[in-house]
Amino acid sequence: MNATLAAFYPAHLAAVRRHADEALATGGCDHLLVAAGTPLGKFLDDQDYPYVASPHFKYWLPLTTAPGSWVVHTPGAKPKLVFVQPNDYWNVVPQTPSGYWVEHFDIVVVRSAAEALAQLPKGHNAIIAPDAAAGSVGLNPSPVLDYLHWQRSFKTPYELALMREANRIGTRAHRAAAAAFRAGKSEFDIHLAYLATARQTDAELPYGNIVALNEHGATLHYMTFDRTPPATHRSFLIDAGASCAGYAADITRTYAAPDAGEFQALIDRMDAAQQGFVAKVRTGQNYTALHLHAHHVIAEVLREHGFIRMNAESAVESGVTAAFLPHGLGHQIGAQVHDVAGFQVDEHGGRIEPPTGHPALRQTRTLAPGMVTTVEPGLYFIDMLLAKLREQPVAADIDWAKVDHFRQFGGIRIEDDVVCTEDAPENLTRDAFALAG
Ligand code: GLY
Ligand code: MN
Ligand code: MN
């Protein structure tokens, strides 16, 4: 793995520097200062929330624990890392940088975030930071951010290698979680089985695990972790990822108990549908169009299984499919699990709104080589949305007894991370599951 990363990193850094040069030119600035960020402090307390490095910092180098540090880029000069290594006997001090990437930086070690600030060049800077520690002039200028966000959506071979590894870690942990479900464990113990196999702490994961048994699968971001197993295990929805050098995997699978009857057939049908959507992750495919196509397919699934009696077109038009699938088909993913620029018109910014009736869609762009998107169709039985649907005229064309029967299973979501290429898509998640055995 390290040999692969070492081989890919120089070209990645060259691309990042090139994009930084362009961004500075666009913004009319001399230096780009990228903060790693510092942890948020808890209110009236002397403790911090878990630290997460800024995605812009992770784009430059694979350092995820460097609070207070900065990358300084000046066109034509070797990039500089101002690295904070405090004199501290309370906390573990960030290790002196080592590895395949350090030779590409001039590294200055300082003892505090304040000392780091003193190392930053004066002048006409573009500062990318979550706060104004380095000054508010030039802080997060839109032309610079828009340009960089646009470029960040096209992943380099180095970034794809990190995301393949994140998927490898995540899929192995998914296998362990599925085994824990089959063994009748509680949500909490399934979560622990996941962490044990991923060998990542909660704080290292790219997002909080969703481990939902039975009807809990109907809560899209269910994160409660019941400590005791339910009386019966009917279904299991797990949305859990993993990180590699701060790059994310975002993976969801849904399982049925052996006696869950038609629910297994519904999972299989959704799995086939999901693979059909993945196959359309092609250069030139508009993602809004793919999302709307998915709604038509979900309408067919609902019809085939006897949940609805209207045709697919009217099921989509009347909002019936949106009641069963109230989130977007997917989003960009990379150094952030919900990566930037999903709505952007071009490198100068702008915003392409999601279509009416689909406000949760997080990506409206047209796919191009190097973009990585999740493809995560779902089908849920959500009390709140079903109650609203029941009041609509279309309610007459819905088999409510059937819908009610399926509420005990919560819902289905199947989610892969997929690379758009010049050719066929690369499914990072299914490839990793295949290797995981
Ligand atoms: N795990 C959050 C998402 O799927 O977007
Ligand atoms: Mn996702
Ligand atoms: Mn997810």
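Note: the structure precedes this text.
Reading the values: rules and limits
- Residues numbered from 1 in each chain as written.
- Chains lettered and ligands numbered in written order.
- Predicted model: local features only at pLDDT ≥ 70, side-chain atom pairs only at ≥ 80, totals over all residues.
- Heavy atoms only, no water.
- Core = buried A, V, L, I, M, F, W, Y, C linked by side-chain atoms within 4.5 Å.
- Buried < 20%, exposed > 50% of the residue type's maximum accessible area, 1.4 Å probe, protein only.
- Helix = DSSP H or I, 4+ residues; strand = E, 2+ residues; numbered from the N terminus.
- Contact = heavy atoms within 4.5 Å.
- Near = heavy atom within 4 Å.
- Polar contact = N/O pair within 3.5 Å; in protein donor to acceptor, adjacent residues only side chain to side chain.
- Areas by Shrake-Rupley, 256 points an atom, 1.4 Å probe, with all protein chains shown as cover.
- Nonpolar A, V, L, I, M, F, W, Y, C, P; charged D, E, K, R; others polar.

A. A look at the nonpolar core. Within the largest apolar cluster, 57 residues are counted, with the highest numbers of intra-cluster contacts made by V320, F324 and F381. Mapped by element, the contributors of at least two residues to this core are strand 6 (210-213), helix 7 (262-279), helix 8 (287-304), helix 9 (312-317), helix 10 (320-324), strand 10 (378-380), helix 11 (383-390) and helix 12 (400-406). With eight residues, the single largest contributor to this core is helix 8. Once residues within four sequence positions are removed from consideration, F324 is found in contact with L302, G378, L379, Y380, F381, L386, L389 and V403. In terms of nonpolar packing, the next biggest core, distinct from the first, is built from 50 residues, V16, A20, A36 and L160 among them.

B. Focus on unusual backbone geometry. A positive phi angle, close to 45°, is found at N140, a residue other than glycine. Within the secondary structure, N140 is located in the loop between strand 5 (125-128) and helix 4 (142-152). On the basis of relative accessibility, which here comes to 27%, the residue N140 falls in the partly exposed class. Look at N214: it is not a glycine, yet its phi comes out positive at around 55°. The class for N214 is buried, based on a relative accessible area of 3%.

C. Representation of the site of ligand 1 within the structure. Around ligand 1, the structure places Y207, D239, D250, H331, H338, E376 and E415. Note that an oxygen atom of ligand 1 is positioned 3.0 Å from one of the side-chain N or O atoms of H331. Considering ligand 1 on its own, with 200 Å² of exposed area, one finds that the protein chains cover 92% of that surface. Class assignment of the residues belonging to the shell around ligand 1 gives a composition of one nonpolar, two polar and four charged.

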